[in-house]
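Summary of the model geometry
Letter by letter, the chains look like this.
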Amino acid sequence: MEKKRKIRFIVVWLLITAAFLAGSLLVPGHGKSESVQEAMRDAVLHGTNRISLFGLKDVNPAYISSLVVVGAILLAALLLRIFVIPRFKMVPGKLQMVLETAVGMFDGMAKGNSPHRNKFLGAYIFGAGVYIFIGTLFELFGFQAITTNGHTIALPAPLSDVNAAISLGCLSYGVILVGGIIANGAKGAGKALKDFSLPISMSFRMFGALLSGLLVTELVYYYVSLSFVVPVVVGVLFTLLHALIQAYVLTTLTSMFYGETTEKHAPKPKKSKKIKAETVNN
């Protein structure tokens, strides 16, 4: 019975793949409207292909992606809170098992790296990790948008915009700084400020990793001879790898530095006057 299910799944998967491949071959392309240098440069700077935000302002495509991702995450969280979490059982089902495993993983990371004041830390790194993971996978869906120039483009990952990466890095550093101040006052602030390069390193690490995958995918998609099979493999591998690595790296760094700034140190014992006097006499 199990073998028949596997065979049926493989056959269905092959049929769906063949259908998408046939569709990609039958649908005519729009041609090369810009050089590969222009396509790659715009993937970084977003200077040419901009999208109108309800007619109020022209923004980067990554900004639209961030709004979509945040809205989807908030909607999913609301639906889970209303319809799923109240129905949790002692013997968990598949969805409950997945949710408990994800929450437990981030909660364990927070408690392991920061024994003090880790409740907020666990919630923050869970939210940041989910946002990075889903936001990075967002580009795989290939949602289309029309630019102000009338071109159709696929919405990129939110963190492929350097502004978004810097904002998330600074937000994580802000959590570390505030946690240190609440836990240890000026000493905690001094520990956090000592690592002043931390937000820069976290921001550009995320931006560089996501940008490399984006540029490779843009380069492969640009050439028609490679645009049928290779982009599927390259895009999925780069995107999935970056989603996992960047979510793990940022959450680990944040929890580790948060644990250092909030760590309690016992005051040094003061020597009594008798001991000092004996030391002087000797």
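Note: the structure precedes this text.
Attention in this report is confined to the structure presented alongside it. (Residues numbered from 1 in each chain as written. Predicted model: local features only at pLDDT ≥ 70, side-chain atom pairs only at ≥ 80, totals over all residues. Heavy atoms only, no water.)

What to know about the overall build of the chain
Helix and strand content of the chain: ten helices and four strands. Going from the N terminus to the C terminus, the chain shows its helices and strands as α-α-β-β-α-α-α-β-β-α-α-α-α-α. Looking at the chain as a whole, 32% of its 282 residues are labelled buried. A fraction of 68% describes how many contacts in the chain between residues 6 or more apart in sequence connect residues 24 or more apart. (Helix = DSSP H or I, 4+ residues; strand = E, 2+ residues; numbered from the N terminus. Buried < 20%, exposed > 50% of the residue type's maximum accessible area, 1.4 Å probe, protein only. Contact = heavy atoms within 4.5 Å.)

Thoughts on the environment of Ala-110
Turning to its location among the elements, Ala-110 is positioned in helix α4 (residues 94–113). Relative accessible area serves as the criterion here: at 0%, Ala-110 is assigned to the buried category. With residues up to four places along the chain from it excluded, the contact list for Ala-110 reads Asn-118, Leu-121, Gly-122 and Ile-125.

Details of the pattern of salt bridges
Scanning all chains against the criterion turns up one salt bridge. In this structure, the salt-bridge partner of Asp-107 is Lys-111, at a minimum N-O distance of 3.2 Å. One end of the pair, Asp-107, and the other, Lys-111, are both in helix α4, four residues apart, so they sit about a helical turn from each other. A residue is classified by how much of its surface remains accessible, and Lys-111, at 47% relative accessible area, is partly exposed. (Salt bridge = Lys/Arg side-chain N within 4 Å of Asp/Glu carboxyl O.)

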